[in-house]
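Overview (structure and organization)
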Amino acid sequence: MNVSRFIGSSNFGFAQYAQEEIRRLFPGTKFRYLEPGEVFLIDVPARADEVTAALLEQEPIFLRHIQPVQHEIPLDKTADDLMRLIEFVQELRPFVAGEKVAVQARKVKAGKFAYTPFGVKDALDPILQQEQSVEPVVRGADKIISVYLSDGTCYLGISTPHENLSDWNGGMVRYRKEEEQVSRAKFKLLEAEERFNLDLSQFHNALDIGAAPGGWTSLLLERNLSVTAVDPGHMHASLLGHPNLTFLQKNAGDVKFEERAFDLLVCDMSWSPKQMSKLVAELLPAVETGGVAVITVKLMHKKPFQTVKETLQNLEPQVVLLQAKQLFHNREELTLYLMKEEL
Ligand SMILES: C[S@@+](CC[C@H](N)C(=O)[O-])C[C@H]1O[C@@H](n2cnc3c(N)ncnc32)[C@H](O)[C@@H]1O
C-alpha cells in the first residue's frame, strides 16, 4: 500500500483540529508531533499526489502549511550535517534547474544545532546557484526546498508554494510593522488579502464593523476605498478627518444603511460569534449581490467546527462561504471569506 509522509503546521493549540480535518479526508492517517500543539509528521495511506490534490480541493481550516517529506537525512547537529545537505542538493538538478527556488529551513525550537536554519539556507543557496543554475529567492519561488531539522533527522521535500498552502516558511507570515501602524490587527486583513487572493483595491465602498482603533480601516483607505467605520470605541487620531472615511461612533446594532450601499463588508469584532453573526446578518442587506465579506470569528470555547457551522447558519442564505481559514495572525480566531448571494 502507498504511504506518503508530510509535515503539517497549525497555529499553536490548533493542531488537533488540523489533524481531524486531514483524518476526515484520509481515514487511517497517523500523526506524530515534532513540536507539541503545532508541527506534526503526517503518514497518509495514499500517494503524495492524491493527498496534495485532496488538500487543495478541500483546504482544511486549521492546516496552515504542509510540506512533503521525500527524503530523510540523519543529523548529528554538527557542521557535518551541512555537507550532507549540500550533497543532497547537488543531486537535485532534474527537479529545480532553471527555476526560482526558495530554501525554507526550520528547526525544532528546543534543538541545539551547530548551525542555524538561516545558516542552512546560506550554505545551500550558492550551491543551487552555481551548480544547478537556480535563482535563489526568498519570496515568489517556483519551487520550495523545505528543510525541517528535528532532533535526529532532517526532513526534506520539494514542492510548489501552492502545494504547501502558503509560500511563507511554515506558513509563518511575517509582515514588517510600519512606523505609523494603527494596530497589529491590520496584519489580519493584509494576510486575508494574500491568502484569499483578494484584491481589496477592486472594491469601492466598504463597511467596517468593529473598526476601532482602525487598522483594517487604514488598509482599506490605503487601497483607495471609501470606508464607513462603525465602533463605539475611538478611532486612531491619524484617521479622523480622512476625506474617504465616515466614522459612526456607535454600536453596530444601532446603525442602518440603504440596501446595496456597499460592495465590501469587513468585521473584526471581538465578540461572541452568535451575537456577531446576528448583527452582521442584519447589516448584510446593505451589501450588493456579488459583494464580499471578510469576518473574524472568535473561538470562545474551542469547538471550532461547531462555531463555524452555527455562524454560517446565522448568515445563510444571504452569503456563500468561499473559504474559512485560521490565519497566522488569528489568535483564538479564524477568518471567513464570504460572498453575498442573490436572495
Ligand atoms: C479587535 S478590535 C478591532 C480592531 C480593528 N479591526 C483594527 O484593525 O484596528 C474589536 C472592536 O470591536 C468593537 N466592537 C465590539 N462590539 C461591537 C459592537 N456591537 N458594535 C460595534 N463595534 C463593536 C470593539 O469596540 C473593538 O474596538
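Residues numbered from 1 in each chain as written. Predicted model: local features only at pLDDT ≥ 70, side-chain atom pairs only at ≥ 80, totals over all residues. Heavy atoms only, no water.

Named according to an unreviewed UniProt entry, the protein chain is SAM-dependent methyltransferase originating from Tumebacillus algifaecis.

To continue, consider the nonpolar core. The nonpolar side chains of soluble globular proteins are, as a tendency, buried together. Within the largest apolar cluster, 49 residues are counted, with the highest numbers of intra-cluster contacts made by I209, L265, V280, I295 and L336. It is helix 8 (residues 273-283) that contributes the most residues to this core, 5 residues altogether. The contacts of I295, once residues within four sequence positions are left out, are L265, C267, M276, V280, L315, L334, T335, L336 and L338. Within the second largest apolar cluster, 34 residues are counted, among which are I7, V39, A123 and L149. (Core = buried A, V, L, I, M, F, W, Y, C linked by side-chain atoms within 4.5 Å. Buried < 20%, exposed > 50% of the residue type's maximum accessible area, 1.4 Å probe, protein only. Helix = DSSP H or I, 4+ residues; strand = E, 2+ residues; numbered from the N terminus. Contact = heavy atoms within 4.5 Å.)

All right, on to the site of the ligand then. Close to the ligand lie 19 residues; S183, G215, D231, A252 and D268 are nearest. Here an oxygen atom of the ligand sits 2.8 Å away from a polar atom, N or O, in the main chain of G215. Side-chain polar atom of D268 to a nitrogen atom of the ligand: 2.8 Å apart, as the coordinates give it. Relative to its free-state accessible area of 600 Å², the ligand is covered by the protein chains to the extent of 82%. Within the shell around the ligand, the residues separate by chemical class into 10 nonpolar, 6 polar and 3 charged. (Near = heavy atom within 4 Å. Polar contact = N/O pair within 3.5 Å; in protein donor to acceptor, adjacent residues only side chain to side chain. Areas by Shrake-Rupley, 256 points an atom, 1.4 Å probe, with all protein chains shown as cover. Nonpolar A, V, L, I, M, F, W, Y, C, P; charged D, E, K, R; others polar.)

Bringing helix 9 (residues 304-315) into the picture now. Here helix 9 contains 12 residues, and its C-alpha end-to-end distance of 17 Å stays within 8% of the 16 Å for a straight helix at 1.5 Å per residue. Here helix 9 has its buried residues at P304, T307, V308, T311, L312 and L315. One side of helix 9 carries all its buried residues, which in axial view fall inside an arc of 125°. (Expected span 1.5 Å × (residues − 1). Arc of directions from axis to C-beta.)

Turning to unusual backbone geometry, a few remarks are in order. A cis amide bond, omega 5°, links A212 with the succeeding residue P213. You can see P213 is positioned in the loop between strand 10 (205-209) and helix 7 (215-222). In this chain, E316 is followed by P317 through a cis amide linkage whose omega measures 0°. Here P317 is to be found in the loop between helix 9 and strand 15 (319-325). Phi at L165 takes a positive value of approximately 70°, unusual for a residue other than glycine. Its location among the elements puts L165 in the loop between strand 9 (153-159) and helix 6 (186-195). Phi at R260 takes a positive value of approximately 60°, unusual for a residue other than glycine. If you trace the backbone, R260 turns up in the loop between strand 12 (245-248) and strand 13 (262-267).

What follows covers helix 2 (residues 48-57). Within helix 2, the full set of buried residues consists of V51, T52, A54 and L55. Looking down the long axis of helix 2, one finds its buried residues gathered within 165° of arc, a one-sided arrangement. Next to the buried residues of helix 2 lie strand 1 (4-9), helix 1 (15-25), strand 3 (39-44) and strand 4 (65-68).

Moving on: the sheet that holds strand 14 (residues 287-298). Taken in spatial order, the 7 strands line up as 12-11-10-13-14-16-15 in an open sheet, and their pairing is mixed. Because the sheet does not close on itself, it has two edges, and the strands there are strand 12 and strand 15. Along the sheet, successive strands turn relative to each other by an average axial angle of 15°, direction set aside. Pairing analysis gives 7 bridges linking strand 14 to strand 16 (residues 333-340), with the strands arranged antiparallel. Paired with A293 across the strands is L338, a residue of strand 16. Sitting on the sheet, helix 8 touches strand 10, strand 13 and strand 14, and the angle it makes with strand 14 is about 165°. (Pairing = 2+ DSSP bridges. Axes fitted to C-alpha atoms, helices over the stretch in contact; angles between N-to-C directions.)

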